[in-house]
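What follows is each chain in one-letter form.
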Amino acid sequence: MSLKIRLARAGAKKRPYYHIVVADSRSPRDGRFIEKVGSYNPMLPADHADRIRLVDERIKHWLSNGALATDRVARFLGNAGLAPKPTYNEQPKQSAPKAKAQERAKAAAAAAAA
């Protein structure tokens, strides 16, 4: 059985609230789960204490039993110091400003400095 630590959506329309749960990877997102191990309220400000609540002891237990965290939950666990922080690749070069836009930005910066 492949275990995942992932988000399960709760809350009303346009008022998201998520439970952080341990579930079998084959279970639906909002369906059957094994245990609730925290919550995430994206409506609160980033520095609010109740935005992300984790049950450290149970999360460590499930990680030691082979549960894998999803990308978003892995970021939460990395910030809390419960797991190593995930590394993210650089953004694609395709979305960077093109040559003419970079020249205009340099010219604007030079004009502002002068």
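Cut-offs and rules
- Residues numbered from 1 in each chain as written.
- Predicted model: local features only at pLDDT ≥ 70, side-chain atom pairs only at ≥ 80, totals over all residues.
- Heavy atoms only, no water.
- Helix = DSSP H or I, 4+ residues; strand = E, 2+ residues; numbered from the N terminus.
- Rg over C-alpha atoms; globule rule 2.2 N^0.38 Å.
- Buried < 20%, exposed > 50% of the residue type's maximum accessible area, 1.4 Å probe, protein only.
- Areas by Shrake-Rupley, 256 points an atom, 1.4 Å probe, with all protein chains shown as cover.
- Phe/Tyr/Trp six-rings, centres within 6.5 Å; stacked < 30°, edge-to-face > 60°.

**Some details on the overall build of the chain**
In terms of regular secondary structure, the chain is built from three helices and five strands. Secondary structure elements in the chain, listed N-terminal to C-terminal, are β-β-β-β-α-β-α-α. Here the C-alpha radius of gyration of the chain, 20 Å, is well above what a compact globule of 114 residues would show, namely 13 Å. Considered along the principal axes of its C-alpha atoms, the chain spans approximately 60 × 30 × 25 Å. Per-residue burial over the chain gives 26% buried out of 114 residues. Carbon and sulfur atoms make up 52% of the accessible area of the chain, which totals about 8300 Å².

**Focus on the packing of aromatic side chains**
With the rule as written, the count across this model stands at two aromatic pairs. Plain terms: the ring middles of Tyr40 and Phe76 are 4.7 Å apart, the flat faces sit at 50 degrees to each other, and that makes the pair tilted. Linking Tyr40 in strand β3 (residues 35-40) with Phe76 in helix α2 (residues 71-80), this pair joins segments that are 36 residues apart in sequence. One exposure class covers both Tyr40 and Phe76, and it is buried.

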